[in-house]
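Chain residues, written in single-letter form:
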Amino acid sequence: TNPPYRQLVSYAKLKNDIRCHSLNIEMPSSAKFQLNDVIEAQQFDRDLLNAIFEVACEMEKIEKNSTGSMMLKGYLMATLFYEPSTRTRLSFESAMKRLGGEVLTTENAREFSSAAKGETLEDTIRTVEGYADIIVLRHFESGAAKRAALTANIPVINAGDGPGQHPTQALLDVYTIEREIGRLDGITLGLVGDLANGRTVRSLAYLIAKYQNVKIYFVAPEVVKMKDDIKEYLTSRGVEWEESADLMEVASKCDVVYQTRIQRERFGERVDLYEEARGKYIVDKYVLSVLQKHAIIMHPLPRLDEITVDVDSDPRAAYFRQAKNGLYIRMAILKLLLLG
Amino acid sequence: TNPPYRQLVSYAKLKNDIRCHSLNIEMPSSAKFQLNDVIEAQQFDRDLLNAIFEVACEMEKIEKNSTGSMMLKGYLMATLFYEPSTRTRLSFESAMKRLGGEVLTTENAREFSSAAKGETLEDTIRTVEGYADIIVLRHFESGAAKRAALTANIPVINAGDGPGQHPTQALLDVYTIEREIGRLDGITLGLVGDLANGRTVRSLAYLIAKYQNVKIYFVAPEVVKMKDDIKEYLTSRGVEWEESADLMEVASKCDVVYQTRIQRERFGERVDLYEEARGKYIVDKYVLSVLQKHAIIMHPLPRLDEITVDVDSDPRAAYFRQAKNGLYIRMAILKLLLLG
Amino acid sequence: TNPPYRQLVSYAKLKNDIRCHSLNIEMPSSAKFQLNDVIEAQQFDRDLLNAIFEVACEMEKIEKNSTGSMMLKGYLMATLFYEPSTRTRLSFESAMKRLGGEVLTTENAREFSSAAKGETLEDTIRTVEGYADIIVLRHFESGAAKRAALTANIPVINAGDGPGQHPTQALLDVYTIEREIGRLDGITLGLVGDLANGRTVRSLAYLIAKYQNVKIYFVAPEVVKMKDDIKEYLTSRGVEWEESADLMEVASKCDVVYQTRIQRERFGERVDLYEEARGKYIVDKYVLSVLQKHAIIMHPLPRLDEITVDVDSDPRAAYFRQAKNGLYIRMAILKLLLLG
């Protein structure tokens, strides 16, 4: 029988506390860097990732301190969302408030510069930068965050721009692997589900390629296979990768099984193809039974039934801890952008 | 002629100050209790109600102190609303901020776990509990709050779950009677209007039955009469009740006339039935003329014309003070759940 | 070649710092006044405008101080918006938070008192005033703000009521002229674009008429000419005004060219008339070439192409500084209404 959820949380905390220390050692305090905006996964190298992860680790301690931090007191963050993404928005706003900062929120920024009125993104940014100290932008167009950062005199964080980038999600994914497994070099990773459309798995593959001796398995239904650009990139970086149709075998070899949702909205009228793809690779008790003791299951959430709920109570189910790590990563990013 | 509105407020405040002291005496400080979640009216017994009311009384003093309280500084409340209810949301958020706490808001939580994406409420709760210290949930499904409370490791407050419960409304109604009339035992209560569909009158009848020598009159159009389950419950608890078609006679006997809105949305295409029911029992100057001097008019708001506006200036019109009591009750609940 | 945007901001700041001092001298501290609500431009005379501008100038210094002000700590502002206006809302909320105050937000206040439920504005105000210390109201009906102010026992600020008033926009326009040009008496002003429908130019003409030796040029396409009521008002106040079809000539004479957007939504099906009006008077490099060195271009934003983007980098392009002045004016108004 599995321990109850509350105990699992404590167990995870304990693991994290130990690793926080090891991270401190990895990152010499002399390594200085300048972070102006967070726009795309490509801007991060190993040193920068380590520096962010070190701060994120400190943020865990701050968040658990009930009196709260006043580190960002007097700072104002504008969450400028051109499409709703409540999960991402709440995570950023919680991060800001946990550090004593304040928030201006808009989830209907499309009306701000409505088609009818036709204001450019650049004009909107120039107005909003007068009201806040940092902008978190969610936009429906790829490249919008970069345009905003070029215009703004204050830091801009990309919280997802259409089919483009969602860099803080990529950061929290890598951070979760580091925190849960204890290392990134030499990791074996199984990417499962919708690999064609999933922004998160593509960014994760990109970032993990910065580490040594990484091995990646792709497990995807035929219609949503990983695209050639990422495969070619991995090959060019010396990352070993392999496609497989056997989730059980892959699960038995991996440190991390990263499951994703088949995105129905990408299938249009072809409900038959969607249904076929959706049921193909499910993470359930059988998969857990072959998973190594130290390994973990990750998922960017929301999930449907691609991970069965009876998996949740297993200590290796890391997806809710992964979501929580998004808070620490965003606290770290806000601190680094506003205070250095 | 009636005193102007501002004087009425002062008059009400004076009455309240006197009663705050009497409440302090009723509740011995040795009576300890544990409040983990606020899910349904049924969870409250007399001792718990008294304890909450005592704290609510203290909250009146805090709210009137212009420097504000920092009692909940560092605490973060997530208002997770699956359907908009601006009145309830603002009341909770004001309560949190009056105590120095912070708020994460969402009024479109349906998009958070949209039908398209299909996330369960349980998964959403597990994510949100990572961002906040307490969740205020409004949901369209009966029982949603209980499911959320079973999942969450942080306190959950039910701010209305579909046709189910809205316990803080029930608490503020009982608190208003206590504050305005000075007692709950021996109270005579007239429930008027839409008794079939009104969640508030049903909850109020339920809670008031915990007190001694209560008498209830039901005054409702035929199509929206009080249902048998509540009548049977009252009888089983020894509460005397009676149906009447004579609002004037009932008003002359009651300590509290609790008027409610006929809910048009329940009548569908039968506009004729709605119009007939709607005009049947109106609280106006004539009703006031027979109302006892110490008695009060209550209403859960919003009102249409079931109370005429010329009643507002009478000191016995308690409905805006009742709405304000919602603030104190929610401040008390937040304090008790977060600090004990 | 033009200096980069960042330098322009510093330049503007320097100009402003100098003028802040001159303003301090203009306004003797003995001039006391009482501000209860902000409802319409008509309520402001020269002394009151000067007093507000003096406070706005102090607010610039407070906003630039990174530690922030706690002037309004413990105060709660409710932004009650019956129609979305993200720009105005964020400006007010930023103003409140820059002074240490807190905010309750609603952008869907129509649902608060939805047509289905039919609550009056007065009832809504009486409920909301129980949750906050000041109300910022945006409404779709002319006169709504006045009704709200008559009902409320706390201050009300009109953030736009339908085709009626938007007094804080008018204040920030006049403040911008004062700050940029250094005086209001003797100013020459060119109002350009949609003068028939533009609420801002009408209010500005109204307020500027309070000053001495003002000259106004109207430059508008035939279909959207300035209406007779304002012309007659100006004449009655001794303000010289003239209509012109020659933007270049007007630009060469003015201290301020105030450009506005042709509002497509006012033309209905007549797209041809809209297109004709829209392209007629554009502020571009050619206009800049005749503009005096000390003069400025203003615009209430959002803009389409009635000011070309290559104008933005000219120091005389004042429209983003104008938007920022909205913050200072709103900080001043909040301070004056809540603290006196």
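Up top is the structure.
Attention in this report is confined to the structure presented alongside it. (Residues numbered from 1 in each chain as written. Chains lettered and ligands numbered in written order. Predicted model: local features only at pLDDT ≥ 70, side-chain atom pairs only at ≥ 80, totals over all residues. Heavy atoms only, no water.)

1. As for the overall build of chain A
Turning to step 1, where the next piece is worked out: Looking only at helices and strands, one finds 13 helices and nine strands in chain A.
Turning to step 2, where the next piece is worked out: Here chain A displays about 12900 Å² of accessible surface, and carbon together with sulfur accounts for 50% of that area. (Helix = DSSP H or I, 4+ residues; strand = E, 2+ residues; numbered from the N terminus. Areas by Shrake-Rupley, 256 points an atom, 1.4 Å probe, with all protein chains shown as cover.)

2. Some words on the sheet that holds strand S2 (residues 102-106) of chain B
Residue and element names in this part refer to chain B.
Turning to step 1, where the next piece is worked out: With respect to topology, four strands assemble into an open sheet ordered S2-S1-S3-S4, the strand pairing being parallel. Only two strands of the sheet have a single partner each, and these edge strands are S2 and strand S4 (156-161). Going from strand to strand, the sheet's axes swing by 15° on average, the running direction of each strand aside.
Turning to step 2, where the next piece is worked out: Pairing analysis gives five bridges linking strand S1 (residues 76-81) to strand S3 (residues 134-139), with the strands arranged parallel. Its bridge partner being in S3, Ala78 is matched across the sheet by Ile135. (Pairing = 2+ DSSP bridges. Axes fitted to C-alpha atoms, helices over the stretch in contact; angles between N-to-C directions.)

3. Here we look at the interface of chain B and chain A
Turning to step 1, where the next piece is worked out: Chain B puts 25 residues into the contact, and the matching count from chain A is 28 residues.
Turning to step 2, where the next piece is worked out: Summing the contributions of chain B and of chain A, the shared interface buries around 2500 Å²; its carbon and sulfur component is 49%.
Turning to step 3, where the next piece is worked out: When the area that chain B buries against chain A is broken down by residue, the three leading residues are B:Lys117, B:Arg126 and B:Tyr131, summing to 25%.
Turning to step 4, where the next piece is worked out: Where chain B meets chain A, there are five salt bridges.
Turning to step 5, where the next piece is worked out: Among the salt bridges present, the one from B:Asp123 reaches A:Arg303, with a minimum N-O distance of 2.6 Å.
Turning to step 6, where the next piece is worked out: In terms of residues, the side of chain B that touches chain A owes the most to one element, S2(B), which gives five residues.
Turning to step 7, where the next piece is worked out: Looking at the side of chain B that touches chain A residue by residue, the classes come out as eight nonpolar, eight polar and nine charged. (Contact = heavy atoms within 4.5 Å. Buried area = accessible area lost by both parts, 1.4 Å probe. Salt bridge = Lys/Arg side-chain N within 4 Å of Asp/Glu carboxyl O. Nonpolar A, V, L, I, M, F, W, Y, C, P; charged D, E, K, R; others polar.)

4. Observations regarding unusual backbone geometry
Turning to step 1, where the next piece is worked out: The residue after B:Leu301, namely B:Pro302, is reached through a cis peptide bond having omega -5°.
Turning to step 2, where the next piece is worked out: Along the polypeptide, B:Pro302 turns up in the loop between strand S9 (296-298) and helix H13 (319-339).
Turning to step 3, where the next piece is worked out: A positive phi angle is found at B:Asn213, which is not glycine, with a value near 55°.
Turning to step 4, where the next piece is worked out: Among the secondary structure elements, B:Asn213 is positioned in the loop between helix H8 (199-208) and strand S6 (215-219).
Turning to step 5, where the next piece is worked out: Phi at C:Leu301 takes a positive value of approximately 60°, unusual for a residue other than glycine.
Turning to step 6, where the next piece is worked out: Within the secondary structure, C:Leu301 sits in the loop between strand S9 (296-298) and helix H13 (319-339).

5. Topic: the relation of the copies chain B and chain A
Turning to step 1, where the next piece is worked out: Take chain B, turn it by 120°, move it 0.0 Å along the axis, and it overlays chain A with an RMSD of 0.0 Å. The transformation just described matches what one would write down for a three-fold rotation axis.
Turning to step 2, where the next piece is worked out: Each copy contacts the other with its own distinct surface, as only 4% of the interface residues of chain B are interface residues in chain A too. (Least-squares fit on C-alpha atoms with pLDDT ≥ 70 in both.)

6. Focus: the environment of A:Ile157
Residues and elements named next belong to chain A.
Turning to step 1, where the next piece is worked out: By the secondary structure assignment, Ile157 is in strand S4 (residues 156-161).
Turning to step 2, where the next piece is worked out: Overall, Ile157 belongs to the buried group, its relative accessible area being 0%.
Turning to step 3, where the next piece is worked out: With residues near it in sequence (within four places) discarded, Ile157 still touches Val38, Phe92, Ile134, Ile135, Val136, Leu137, Thr168, Ile333, Leu334 and Leu337. (Buried < 20%, exposed > 50% of the residue type's maximum accessible area, 1.4 Å probe, protein only.)

7. Regarding helix H5 (residues 121-128) of chain A
Turning to step 1, where the next piece is worked out: In terms of residue burial, H5(A) counts as a mostly covered element, since seven of its eight residues are buried.
Turning to step 2, where the next piece is worked out: Taken together, the buried positions of H5(A) are A:Leu121, A:Asp123, A:Thr124, A:Ile125, A:Arg126, A:Thr127 and A:Val128.

8. Some thoughts on the packing of helix H3 (residues 86-98) of chain B against H13(B)
All names here are of chain B.
Turning to step 1, where the next piece is worked out: Two elements in contact, H3 and H13, have axes whose closest approach is 8 Å; the angle formed by their N-to-C orientations is 60°. Taken together, H3 and H13 sit at an angle that is classed as oblique. As H3 packs across H13, the resulting crossing turns out to be right-handed. Judged by residue contacts, Ser91, Phe92, Ser94, Ala95, Met96 and Arg98 of H3 engage Gly326, Leu327, Arg330, Met331, Leu334 and Leu338 from H13.
Turning to step 2, where the next piece is worked out: A breakdown of the residues in the contact of H3 with H13 according to their chemical character gives seven nonpolar, three polar and two charged. (Parallel < 35°, antiparallel > 145°, perpendicular 65-115°, else oblique. Left-handed = near helix turned anticlockwise from the far one by under 90°.)

9. What to know about the relation of the copies chain C and chain B
Turning to step 1, where the next piece is worked out: The transform that puts chain C on chain B rotates by 120° and translates by 0.1 Å along the axis, for an RMSD of 0.1 Å.
Turning to step 2, where the next piece is worked out: Looking at the interface residues of chain C, only 4% of them are also at the interface in chain B, so each copy uses its own face.

10. A few points about the side chain of C:Thr200
Residue and element names in this part refer to chain C.
Turning to step 1, where the next piece is worked out: Among the secondary structure elements, Thr200 is positioned in helix H8 (residues 199-208).
Turning to step 2, where the next piece is worked out: Residue Thr200 is classed as buried on the basis of its relative accessible area of 15%.
Turning to step 3, where the next piece is worked out: In this view, Thr200 contacts Gln169, Asp173, Tyr258, Thr260 and Pro300; residues no more than four positions away in its chain are not counted.

11. As for the interface of chain C and chain B
Turning to step 1, where the next piece is worked out: Every contact between the two is made by 25 residues of chain C and, on the other side, 28 residues of chain B.
Turning to step 2, where the next piece is worked out: Where chain C abuts chain B, roughly 2500 Å² becomes buried across the two surfaces, and 49% of that area is made up of carbon and sulfur atoms.
Turning to step 3, where the next piece is worked out: Of all residues in chain C, C:Lys117, C:Arg126 and C:Tyr131 bury the most surface against chain B, accounting for 25% of the area lost on that side.
Turning to step 4, where the next piece is worked out: The interface formed by chain C and chain B contains five salt bridges.
Turning to step 5, where the next piece is worked out: The partner of C:Asp133 in a salt bridge is B:Arg98, with the nearest N and O atoms 2.9 Å apart.
Turning to step 6, where the next piece is worked out: Taken together, the links from chain C to chain B amount to 10 residue pairs in polar contact (both at pLDDT 80 or more).
Turning to step 7, where the next piece is worked out: When contributions to the side of chain C that touches chain B are tallied by element, the ones reaching two or more residues are strand S2 (102-106), helix H4 (109-112) and helix H5 (121-128) of chain C.
Turning to step 8, where the next piece is worked out: Among the elements that take part in the side of chain C that touches chain B, S2(C) stands out by supplying five residues, more than any other. (Polar contact = N/O pair within 3.5 Å; in protein donor to acceptor, adjacent residues only side chain to side chain.)

12. Let's talk about the sheet that holds strand S1 (residues 76-81) of chain C
All names here are of chain C.
Turning to step 1, where the next piece is worked out: Taken in spatial order, the four strands make up an open sheet running S2-S1-S3-S4, and their pairing is parallel. Sheet topology places S2 and strand S4 (156-161) at the edges, where each strand pairs with a single neighbour. Averaged over all neighbouring strand pairs, the angle between strand axes comes to 15°, with direction disregarded.
Turning to step 2, where the next piece is worked out: Where helix H6 (residues 144-151) meets the sheet, its contacts fall on strand S3 (134-139) and S4, and the angle it forms with S4 comes to roughly 165°.

13. Section: the packing of aromatic side chains
All names here are of chain A.
Turning to step 1, where the next piece is worked out: Applying the stated criterion to the full structure yields 18 aromatic pairs over all chains.
Turning to step 2, where the next piece is worked out: Seen in terms of ring centroids, Tyr206 and Tyr233 are 4.6 Å apart; in terms of plane orientation they differ by 15°. Their pairing is stacked. Taken as a pair, Tyr206 in helix H8 (residues 199-208) and Tyr233 in helix H9 (residues 228-236) lie far apart in primary sequence, 27 residues in all.
Turning to step 3, where the next piece is worked out: We note Arg330 situated over the ring of Phe92; from NZ or CZ to the ring centre the distance is 4.9 Å. (Phe/Tyr/Trp six-rings, centres within 6.5 Å; stacked < 30°, edge-to-face > 60°. Lys NZ or Arg CZ within 6 Å of the ring centre and 35° of its normal.)

14. Some points on the pairing of S4(C)
Residues and elements named next belong to chain C.
Turning to step 1, where the next piece is worked out: Of all the six residues making up S4, six are buried; the element is thus mostly covered by neighbouring parts of the structure.
Turning to step 2, where the next piece is worked out: As paired strands, S3 and S4 are joined by four bridges and run parallel to one another. Within S4, the residue paired with His139 across the bridge is Asp161.
Turning to step 3, where the next piece is worked out: In this region the chain leaves S3, passes through H6 and returns to the parallel neighbour S4; the handedness of that crossover is right-handed. (Right-handed = clockwise from strand over helix to strand, strands pointing away.)

15. Looking at the pattern of salt bridges
Turning to step 1, where the next piece is worked out: Following the criterion strictly, the structure yields 87 salt bridges over all chains and no others.
Turning to step 2, where the next piece is worked out: When the shortest N-O distance is used, the salt bridge between A:Glu107 and A:Arg89 registers 2.9 Å. Of this pair, A:Glu107 sits in the loop between strand S2 (102-106) and helix H4 (109-112) while A:Arg89 is found in helix H3 (residues 86-98), placing the two residues 18 residues apart along the sequence.
Turning to step 3, where the next piece is worked out: Of the residues examined, A:Glu107 reaches a relative accessible area of 18% and is grouped as buried.
Turning to step 4, where the next piece is worked out: Connected through salt bridges with shared partners, the residues A:Asp123, A:Arg126, C:Arg303 and C:Asp312 form a single ionic network.

16. Section: the environment of A:Pro163
Residue and element names in this part refer to chain A.
Turning to step 1, where the next piece is worked out: Along the chain, Pro163 falls in the loop between S4 and helix H7 (167-181).
Turning to step 2, where the next piece is worked out: Classification of Pro163 by relative accessible area gives exposed; the value is 66%.
Turning to step 3, where the next piece is worked out: C-alpha of Pro163 to C-alpha of Leu189: the two residues are 26 residues apart in sequence and 23 Å apart in space.
Turning to step 4, where the next piece is worked out: Apart from the residues lying within four places of it in its own chain, the contact partners of Pro163 are Phe140, Ser142 and Arg199.

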